[in-house]
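One-letter residues, chain by chain:
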Amino acid sequence: MAIKRVWIDKACVSCGMSEVNCPEVFKLKVGEGAKVIEGVDYRSLQKKIKDAAESCPVQAIMLDED
Ligand code: SF4
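Cut-off values and rules
- Counting restarts for each chain: residues are numbered from 1 in the order of the written sequence.
- For this predicted model, a pLDDT threshold of at least 70 governs which residues receive local features, and a threshold of 80 or more governs which side-chain atom pairs are given and counted, while totals over whole chains, interfaces and linings are taken from all residues.
- Based on all heavy atoms of the structure, the side-chain values leave hydrogens and waters out of the count.
- In this text, near means that some heavy atom of the residue lies within 4 Å of the molecule or strand in question.
- Put simply, the grid is 1 Å and covers the protein atoms alone, a cavity is a trapped set of points that fit a 1.4 Å probe, a pocket is an open set with protein on both sides within 12 Å along at least five of seven lines, and lining residues have an atom within 4 Å of a point.
- A molecule is said to be in a cavity or pocket once over half of its atoms fall within 2 Å of that pocket's grid points.
- Amino acids are sorted into nonpolar (Ala, Val, Leu, Ile, Met, Phe, Trp, Tyr, Cys and Pro), charged (Asp, Glu, Lys and Arg) and polar (every other residue, Gly among them).
- Grid points are joined across faces, edges and corners, and a volume is the space filled by probe spheres set on the points.
- A run of H or I in DSSP counts as a helix once it spans at least four residues, and a run of E counts as a strand once it spans at least two, with each numbered from the N terminus.

Kindly report on the site of the ligand, identifying the contributing residues and their values.
What surrounds the ligand is the set Cys12, Val13, Ser14, Cys15, Gly16, Met17, Ser18, Ala34, Cys56, Pro57, Val58 and Ile61. More than half of the atoms of the ligand fall within 2 Å of the grid points belonging to the largest cavity. When its residues are assigned to classes, the shell around the ligand shows nine nonpolar, three polar and no charged.

Outline empty space enclosed by the protein, listing residues and values.
Evaluation of the coordinates by the stated rule reveals one cavity of 30 Å³ or more. In this structure, the largest cavity encloses a volume near 110 Å³. Forming the walls of the largest cavity are 18 residues, and the residues nearest its centre are Cys12, Cys15, Ser18, Ala34 and Cys56. Of all the secondary structure elements, the ones that give two or more residues to the lining of the largest cavity are helix H1 (17-21) and helix H2 (46-55). Considering only residue class, the lining of the largest cavity consists of 13 nonpolar, five polar and no charged.

Have a look at this one:
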């Protein structure tokens, strides 16, 4: 299963863990919550993205896989 799309649900509580776990993809914006950095090639980051999603305390990291 390859990750095709990543986005953050409004449930995000701005804890910052996603940026700690995968700074290549996630960036915490003060007052806005975590954002997904645009234009990133996910192919070499599959495990880090999935680990970040599993570590999110409110399951706010959403993934589309094919
Ligand atoms: S780990 Fe989850 S709750 Fe925390 S900043 Fe990232 S998306 Fe938001």
